[in-house]
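The chain contents come next:
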Amino acid sequence: MAILLVADDDPDVRGFLVTVLKRDGHTITEAADGQAALDLIRDADFDLVVLDVHMPKLTGLEVLARLREAGREVRAIVLTGDETPDTVIGAAENQAVRYLSKPIRPGTLSAQVQAALSSKLPTRPIRVVSAKRDWVELLVPCTLDAVERVRSFLIHLDSDLPETSREAIGQAFHELLSNAIEWGASSDPSRDVRIAYLRTRRMVLYRIADPGPGFRFEELAHAAVGASDPESLDHVRVREERGLRPGGFGLLLARALVDELIYNQAQNEVVFVKYLDDLAF
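Just so it is clear, the structure is predicted and the values come from calculations on it, not from any experiment.

Asks: I tried to follow the pattern of salt bridges on my own but got confused; where do I start?
Replies: Pairs can form between side chains of opposite charge whenever their charged atoms are close. Applying the stated criterion to the full structure yields 15 salt bridges. In this structure, K102 engages D52 in a salt bridge whose closest nitrogen and oxygen atoms are separated by 3.0 Å. Of this pair, K102 sits in the loop between β5 (98-101) and α5 (106-118) while D52 is found in strand β3 (residues 48-52), placing the two residues 50 residues apart along the sequence. Residue classification places K102 among the partly exposed residues on the basis of a relative accessible area of 28%. The structure contains a network of salt bridges with shared partners spanning D8, D52 and K102.

This is the structure we're talking about:
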């Protein structure tokens, strides 16, 4: 299958990761601290590295930062129990392809490793504009590969919310970011979509701004939201005629998942809001 490096200073966690990934058919090399992981990566080519954040000698994020400074591209998953914004955004800034929380289920680990192996290495980095706890802002290259990657980071900023709220926010974000990249920016990797995440006691707010000219709902014959009859499936026929992938329900789904969904006049920027109970923050 694939050649992987697993780096974690906890022998029990490392043993669990190795057992699951060997069962999946991967060849595994182990490291017990960050310096050992860095040395191994420098001396060998791995298809994927799975790095704990808090390790002796060097943290997982320091390992990725040193590799990035040296111009070494590596496909990496960051695995940690620390979901503070500094750690989450640090993983994105250092070009990890996935961010997973401990404890992790075997099935989730297997699925995320396979997804990471199937993803392309980013041609341009995610750039961090703001990394405050209550205001995170990113510039993300316009590729569909970036959608799940960015979602895997940002969803961890809401780790204190009920699972149903997190899933609704994550799914709405996935649909709207996919639309911004695919339709607004024509999946042009030389351009960026700007994403802002704001968190207050009462709400989570996302703003997604794509570099395209915008659109009008009535012109979206390929999407259910553009139909005059809500029960119509005409957009399915249009998608088939144009050779588009199945779908077209993304905007309707996003509207159902969040409390507010607002476009600017050109409709190349969208804001969505999910209202919350009064949680400690």
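Asks: Just checking my understanding: could you explain the environment of A256 for this structure?
Replies: With respect to the secondary-structure elements, A256 resides in helix α9 (residues 250-257). Residue classification places A256 among the exposed residues on the basis of a relative accessible area of 64%. The spacing of A256 and A168 is 88 residues in sequence and 9.0 Å in space, taken between C-alpha atoms.

Asks: What's the story with the packing of aromatic side chains in this structure? I'm lost.
Replies: In this description, a pair of aromatic rings is defined by centroid distance and the angle of the planes. One pass over the full model with this rule turns up four aromatic pairs. Where Y197 meets Y206, the ring centres are 5.3 Å apart and the plane angle is 65 degrees; that geometry is what we call edge-to-face. The same class applies to Y197 and to Y206, which are both buried. Their ring planes at 20 degrees and their centres at 5.1 Å tell us that Y206 and F272 sit as a pair that is stacked.

Asks: What's the story with the sheet that holds strand β10 (residues 260-263) in this structure? I'm lost.
Replies: The pairing of strands in a sheet happens through backbone hydrogen bonds and is either parallel or antiparallel. Read across the sheet, six strands follow the order β6-β7-β8-β9-β11-β10 without closing on themselves; strand pairing throughout is antiparallel. Since the sheet does not close on itself, it has two edges, and those belong to β6 (127-132) and β10, each with one partner. For this sheet, the mean angle separating the axes of adjacent strands, direction not counted, is 15 degrees. Relative to strand β8 (residues 192-199), strand β7 (residues 135-141) runs antiparallel, the two sharing seven bridges. By the bridge assignment for β8, E137 is matched with A196.

Asks: How should I be thinking about the sheet that holds β5 in this particular structure?
Replies: Pairing in this open sheet of five strands is parallel, and the strands run β2-β1-β3-β4-β5 from one edge to the other. Both outer strands of the open sheet, β2 (27-31) and β5, are each paired with one neighbouring strand and no more. Here the strands of the sheet are splayed against their neighbours by 20 degrees on average, with no regard to which way each runs. Relative to β3, strand β1 (residues 3-7) is paired through four bridges, and the arrangement is parallel. Counted as the bridge partner of V6 is V50 from β3. Contacts from helix α1 (residues 11-23) reach β1, β2 and β4 (76-80) within the one sheet, and its direction differs from that of β2 by about 170 degrees.

Asks: For this particular structure, what's the right way to read the side chain of R149?
Replies: Here R149 lies in helix α6 (residues 145-154). For the buried R149, no salt bridge is present, and the opposite-charge side chain at shortest range is D145, 8.9 Å distant.

How each quantity is defined
- Residues numbered from 1 in each chain as written.
- Predicted model: local features only at pLDDT ≥ 70, side-chain atom pairs only at ≥ 80, totals over all residues.
- Heavy atoms only, no water.
- Salt bridge = Lys/Arg side-chain N within 4 Å of Asp/Glu carboxyl O.
- Helix = DSSP H or I, 4+ residues; strand = E, 2+ residues; numbered from the N terminus.
- Buried < 20%, exposed > 50% of the residue type's maximum accessible area, 1.4 Å probe, protein only.
- Phe/Tyr/Trp six-rings, centres within 6.5 Å; stacked < 30°, edge-to-face > 60°.
- Pairing = 2+ DSSP bridges.
- Axes fitted to C-alpha atoms, helices over the stretch in contact; angles between N-to-C directions.
- Contact = heavy atoms within 4.5 Å.
- Lys, Arg positive; Asp, Glu negative; His and termini not counted.

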